[in-house]
Amino acid sequence: MYLYLYQNLPFPNWYYIHLLNTHLKKMQGTISCMRNYNMNTVGESLRPLTLKTQENGESVRTLVEENAVIVIGRRGCCMCLVVKRLLLGLGVNPTVLEIDEEREEEVLSELEKIGVHGGRETVKLPAVYVGGRLFGGLDRVMATLISGELVPILKEVGALWL
Amino acid sequence: MGDTSPRTSVSTDGDTDHNNLMYLCSLMKGIWVLVLLILATVQRVKWIKRLAQNREAARKSRLRKKAYVQQLENSRLKLTQLEQELQRARQQGVFISSSGDQAHSTAGDGAMAFDVEYRRWQEDKNRQMKELSAALDSHASDAELRIIVDGAIAHYEELYRIKSNAAKNDVFHLLSGMWKTPAERCFLWLGGFRSSELLKLIANQLEPLTEQQSLDINNLQQSSQQAEDALSQGMDNLQQSLADTLSSGTLGSSSSGNVASYMGQMAMAMGKLGTLEGFIRQADNLRLQTYQQMVRLLTTRQSARALLAVHNYSLRLRALSSLWLARPRE
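What counts as what
- Residues numbered from 1 in each chain as written.
- Chains lettered and ligands numbered in written order.
- Predicted model: local features only at pLDDT ≥ 70, side-chain atom pairs only at ≥ 80, totals over all residues.
- Heavy atoms only, no water.
- Helix = DSSP H or I, 4+ residues; strand = E, 2+ residues; numbered from the N terminus.
- Buried < 20%, exposed > 50% of the residue type's maximum accessible area, 1.4 Å probe, protein only.
- Contact = heavy atoms within 4.5 Å.
- Areas by Shrake-Rupley, 256 points an atom, 1.4 Å probe, with all protein chains shown as cover.
- Core = buried A, V, L, I, M, F, W, Y, C linked by side-chain atoms within 4.5 Å.
- pLDDT = per-residue confidence, 0-100.
- Expected span 1.5 Å × (residues − 1).
- Salt bridge = Lys/Arg side-chain N within 4 Å of Asp/Glu carboxyl O.
- Axes fitted to C-alpha atoms, helices over the stretch in contact; angles between N-to-C directions.
- Parallel < 35°, antiparallel > 145°, perpendicular 65-115°, else oblique.
- Nonpolar A, V, L, I, M, F, W, Y, C, P; charged D, E, K, R; others polar.

As for the overall build of chain A
If you tally the helices and strands in chain A, you get six helices and five strands. Its helices and strands in sequence order give chain A the pattern α-β-α-β-α-β-α-β-β-α-α, from N to C terminus. Classification of the 162 residues of chain A by burial places 48% in the buried group. In chain A, of all internal contacts separated by at least 6 residues, the share reaching a separation of at least 24 is 66%. As displayed, chain A has an accessible area near 8800 Å², and 53% of this comes from carbon and sulfur atoms.

What follows is the structure, encoded as structure tokens:
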């Protein structure tokens, strides 16, 4: 099976395969989309979402501490959208922080410093911070939603008022 | 008359006979010894020949064994080489343009392996459910039922572990639902069933429920519905984003320029496809969480009945599939 490429290309197939490989190697570790993509959310909710673009490491910490619920994810990441929708469905208005690929390292190292009792915890994106502390990823959100623990926690930090 | 006749040992007749006899005896003895000697040599010769033949045969068999072992070693080397190639091919998937079917067969291997594992899992499940049904009918104690129910939940955990491994290999096979029967495929959502639908099914079967239980099950159903919706929206978004990636730039008959951007697009699209594995994992996680929570909310007996209800429903779906496949066609 040969990759179907443009017709009449001047270089042999292996060259294009090599190009593709180099692109993919660059993307190693980030299984999500690249930064240039502009995400159009399907069916925007009525609640406004505050989207802040990344400035520097310090402001990440302040964002986490100031917001009851904040979702941090890569720009254009579909999982991040799932978390957002889940929280919206519960009636929470989460702050969303979208990170460019270039600043990802920086932001992650900054986030890891916000560990409990000064310990470092590994952070995977998308990450949800509730009440200034790392709550977890989509796994934890889903598990706590199903077990009924999520809503009380959200009420406790003041993200829900019903 | 010669007085000095030479003294010849002229014996008397008796003596001559006796002497002749003695002579004959010794002759015969000699002949006998000779015969024996001849026989001995003949036998020895035979023995020597046999030894030689043995030696020859042993040498031949040693040579044959050596040749056989050599052949075995060669095939073993070839086998490890093929295995390495296969491993490399699996990791790189489509990037091997050498043999025509290689990419397809590696994907097929993963799919077939999963199908086999799933069938085995299904058989275990059937056995477990029969055990559960027998326990319920025989009014077994709650403790015994608990063991079986916990075992059933652990078995679901096992399935999702198998699926997660298979997703690394061939996520599209899982999403296609080709490993399920036709009627089951009607209800396919992200590579499996919808937890919310399952709960609706169970709620009907489980009268009587206490008010608290009713409320809790309702909440559970709503939560799982919310989670499903969120995941569905994520999938829609992925679809849209993939379409946008592939259609960006000019779609007309292109010049050979800008290959790098084409490859960049392809790389981006590959990244998006990679997120599918995560979606399936989240969907399976949702299914498992729902089962676990359901069992927490119900009594042991109710949980047993719920699991059996789900199983019997899926048995009916499978029976329907068989009937459908066997239906007479023009």
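Describing the nonpolar core
In this structure, Leu154 of chain A together with Leu132, Leu231, Tyr291, Met294 and Leu307 of chain B are the most contacted members of the largest nonpolar core, which totals 76 residues. At 14 residues, the largest contribution of residues to this core is made by helix H3 (residues 142-176) of chain B. Setting aside its immediate chain neighbours within four residues, Leu231 of chain B contacts Val82 and Met142 of chain A together with Trp189, Leu190, Phe279, Gln282, Ala283 and Leu286 of chain B. One finds Leu63, Ile99, Leu111 and Leu125 of chain A within the second-largest nonpolar core, a separate group that totals 15 residues.

Topic: the confidence of the model for chain B
Per-residue pLDDT for chain B has a mean of 87; in total, 88% of the residues score no lower than 70. With a pTM of 0.69, the predicted complex shows an ipTM of 0.72.

Remarks on unusual backbone geometry
The omega angle of the peptide bond from Leu125 of chain A to Pro126 of chain A is 0 degrees, so this bond is cis rather than trans. By the element assignment, Pro126 of chain A lies in the loop between helix H4 (104-113) and strand S4 (127-130). Its identity is not glycine, yet His139 of chain B carries a phi of approximately 55 degrees, on the positive side. The residue His139 of chain B is located in the loop between helix H2 (102-137) and H3 in this model.

Description of helix H6 (residues 211-247) of chain B
With 37 residues, H6 of chain B should reach 54 Å at 1.5 Å per residue; the first-to-last C-alpha distance of 54 Å fits that figure. In the segment just after H6 of chain B, Gly249 of chain B is the residue with positive phi, at about 80 degrees.

Thoughts on the pattern of salt bridges
Enumeration according to the criterion identifies 17 salt bridges over all chains in this entry. When salt bridges with common partners are traced through the structure, they connect Arg61, Glu65 and Glu110 of chain A into a single cluster.

A word on the packing of helix H7 (residues 259-297) of chain B against helix H8 (residues 300-325) of chain B
Residues and elements named next belong to chain B. Two numbers describe how H7 lies on H8: the axes approach to 9 Å, and their chain directions differ by 140 degrees. If you check the angle between H7 and H8, you find them oblique. Counted together, Tyr291, Met294 and Val295 of H7 and Ser303, Ala306, Leu307 and Val310 of H8 form the full contact between these two elements. Class assignment of the residues belonging to the contact of H7 with H8 gives a composition of six nonpolar, one polar and no charged.

Here we look at the side chain of Ser195 of chain B
With respect to the element layout, Ser195 of chain B can be found in helix H5 (residues 195-205). Apart from the residues lying within four places of it in its own chain, the contact partners of Ser195 of chain B are Ser224, Glu228, Leu286, Arg287 and Thr290 of chain B.

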